[in-house]
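Breakdown of the fold
Chain by chain, the residues:
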Amino acid sequence: MIRVLIADDQGMVRTGFTVFLSGQPDIEVVGEAANGQEAVERASALRPDVVLMDVRMPVMNGLEATRELLSRGGGAPKVLILTTFDLDDYVYEALRAGASGFLLKDASAAQLAEAVRVVAAGDALIAPAITKRLIHEFARLGAPRPVAGRRLAELTERETEVLTLVAQALSNQEIAEKLFVAEQTVKTHVGRVLMKLGLRDRAQAIVFAYETGLVRPGE
């Protein structure tokens, strides 16, 4: 079972998400939080696998709560940002804070459940339109970060190639087809890339690839 905590300041939203997700055979809603501070406290106590995190909440907003949760190292839950807003700075800051995905609240119920499963499995959930805005943000920020760039030297040539394709938001299956290798081989390479670079998941790998200049907007 995938254990989920729902953090949103609107009671009706929390109730709606809880009712739907609780009806899924592989998902269990273990708790709710009405603000970011509650989300941090309840996540520590309940140890969910995934936190559905709204951005605009009182006391502590969702981005601050995400940073607080994920700064604690091992055992931290995956965070799926949920919001009615799709502004560039939210997308970028959410992923920089360590969120594994970004989903707008107008997504369908089925998309929400699938998003929880994808994030829980360690994959990134970034819609194509959001990926486009994220790339524009990297372009605006300019030059890559040299310190992070030096860490690329730890990767083998094949691992670097796989990271480049991950940054283009390709799935393991799509990467396997492109490189003419087995999907399991790609999964192994992705795991090694994340381990060597100290990254949590594919979402952070995408951010890392652009920030280091491995992949550049427009390529």
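Before reading on, note that the structure itself is shown above.
These remarks concern the structure in this document. All of these numbers come straight from a predicted model, not from anything done at the bench.

1. Quick notes on empty space enclosed by the protein
- Evaluation of the coordinates by the stated rule reveals one cavity of 30 Å³ or more.
- Quantified by volume, the largest cavity comes out at close to 40 Å³.
- In terms of lining, the largest cavity is formed by Val162, Leu163, Val166, Val190, Val193, Leu194, Arg202 and Ala205.
- Taken together, the elements giving at least two residues each to the lining of the largest cavity come down to α8 (157–166), α10 (183–197) and α11 (202–211).
- Among the residues forming the lining of the largest cavity, the class breakdown is seven nonpolar, no polar and one charged.

2. Some points on the pairing of strand β1 (residues 2–7)
- With five of its six residues buried, β1 lies for the most part within the structure.
- Relative to strand β2 (residues 27–33), β1 is paired through six bridges, and the arrangement is parallel. Each residue of the ladder has a partner; that of Ile6, found in β2, is Glu32.
- Of the crossover connections in this fold, the one passing from β1 over helix α1 (residues 11–22) to the parallel β2 is right-handed.
- Looking at chain direction, β1 and strand β3 (residues 50–54) are connected through four bridges and run parallel. For Ala7, the partnering residue across the bridge sits in β3 and is Met53.

3. Focus: the side chain of Asn35
- For Asn35, the location among the structural elements is in the loop between β2 and α2 (36–46).
- Only 3.0 Å separates the side chain of Asn35 from the backbone nitrogen of Gln37, close enough to count as a polar contact.
- In this structure the side chain of Asn35 is engaged in a polar contact, spanning 2.8 Å, whose partner is the backbone nitrogen of Glu38.
- Those residues in contact with Asn35 that lie beyond four places of it in its chain are Met57, Pro58, Val59 and Met60.

4. Some details on the pairing of strand β4 (residues 78–83)
- By the criterion of burial, β4 is predominantly enclosed, with six of the six residues buried.
- Across the two faces of β4 the burial is the same, with Lys78, Leu80 and Leu82 and Val79, Ile81 and Thr83 all buried.
- Where β3 and β4 come together, five bridges link them in parallel fashion. Residue pairing in the sheet places Val50 in a bridge with Lys78 of β4.
- Pairing geometry for β4 and strand β5 (residues 101–104), over four bridges, is parallel. The partner of Leu82 across the bridge, within β5, is Leu103.

Reading the values: the criteria
Residues numbered from 1 in each chain as written. Predicted model: local features only at pLDDT ≥ 70, side-chain atom pairs only at ≥ 80, totals over all residues. Heavy atoms only, no water. 1 Å grid on protein atoms, 1.4 Å probe; cavity = no way out; pocket = protein on both sides within 12 Å on 5 of 7 lines; lining within 4 Å. Points joined across faces, edges and corners; volume = space filled by probe spheres on them. Helix = DSSP H or I, 4+ residues; strand = E, 2+ residues; numbered from the N terminus. Nonpolar A, V, L, I, M, F, W, Y, C, P; charged D, E, K, R; others polar. Buried < 20%, exposed > 50% of the residue type's maximum accessible area, 1.4 Å probe, protein only. Pairing = 2+ DSSP bridges. Right-handed = clockwise from strand over helix to strand, strands pointing away. Polar contact = N/O pair within 3.5 Å; in protein donor to acceptor, adjacent residues only side chain to side chain. Contact = heavy atoms within 4.5 Å.

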